[in-house]
Amino acid sequence: MAPNFIWHQVDGVRLSGVVMTTYRPYPFHWVPAAGLRHASTDRRPDAALAYPTGTSVSTLCRQKLSADNSELAWLWSTCGDCDVEAHRIARNLYTPATERTK
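Here the structure is a predicted model, which means the values were calculated and not measured.

1. Notes on the packing of aromatic side chains
Turning to step 1, where the next piece is worked out: With the rule as written, the count across this model stands at 2 aromatic pairs.
Turning to step 2, where the next piece is worked out: When the ring of tyrosine 26 is compared with that of phenylalanine 28, the centres are 5.4 Å apart and the planes differ by 10°; the resulting orientation is stacked.
Turning to step 3, where the next piece is worked out: Residue classification places tyrosine 26 among the partly exposed positions, given a relative accessible area of 41%.
Turning to step 4, where the next piece is worked out: With centroids separated by 6.0 Å and ring planes inclined at 85°, the aromatic side chains of phenylalanine 28 and tryptophan 30 adopt a geometry described as edge-to-face.
Turning to step 5, where the next piece is worked out: By relative accessible area, phenylalanine 28 is classed as buried at 9%.
Turning to step 6, where the next piece is worked out: Ring pairing ties together the aromatic residues Tyr26, Phe28 and Trp30, which thus form one cluster.
Turning to step 7, where the next piece is worked out: Over the aromatic face of tryptophan 30 sits the side chain of arginine 37, whose NZ or CZ is 6.0 Å from the ring centroid.

2. Observations concerning the side chain of serine 40
Turning to step 1, where the next piece is worked out: Among the structural elements, serine 40 can be located in strand S4 (residues 36-40).
Turning to step 2, where the next piece is worked out: At a separation of 3.0 Å, a polar atom in the side chain of serine 40 contacts the main-chain amide nitrogen of aspartate 42.
Turning to step 3, where the next piece is worked out: Discounting residues that sit within four places of it in the chain, serine 40 has contacts with Pro27, Phe28, His29, Val31, Tyr51, Val57, Ser58, Thr59 and Leu60.

Reading the values: rules and limits
- Residues numbered from 1 in each chain as written.
- Predicted model: local features only at pLDDT ≥ 70, side-chain atom pairs only at ≥ 80, totals over all residues.
- Heavy atoms only, no water.
- Phe/Tyr/Trp six-rings, centres within 6.5 Å; stacked < 30°, edge-to-face > 60°.
- Buried < 20%, exposed > 50% of the residue type's maximum accessible area, 1.4 Å probe, protein only.
- Lys NZ or Arg CZ within 6 Å of the ring centre and 35° of its normal.
- Helix = DSSP H or I, 4+ residues; strand = E, 2+ residues; numbered from the N terminus.
- Polar contact = N/O pair within 3.5 Å; in protein donor to acceptor, adjacent residues only side chain to side chain.
- Contact = heavy atoms within 4.5 Å.

See below:
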């Protein structure tokens, strides 16, 4: 990530500096379900890297589906509605609030 150049004012003295943007993971996870790869903001079980097969998840396309964590399921096509919503969320995470209102 590119650093952000900022100005600080300390005790009336204007200082310049570079601040590195910290990594923030996306608030959604991908989950194969119902023949497509969907995205969900549901919390995964502690220490799980994926939703276990059979886990009920709410998706970004507003469906309640059962996860399929099989190897082939990860090769399924991406749900178009989840993809659009995931991109919107990701874009808003790193866009300054003033840019989002334009």
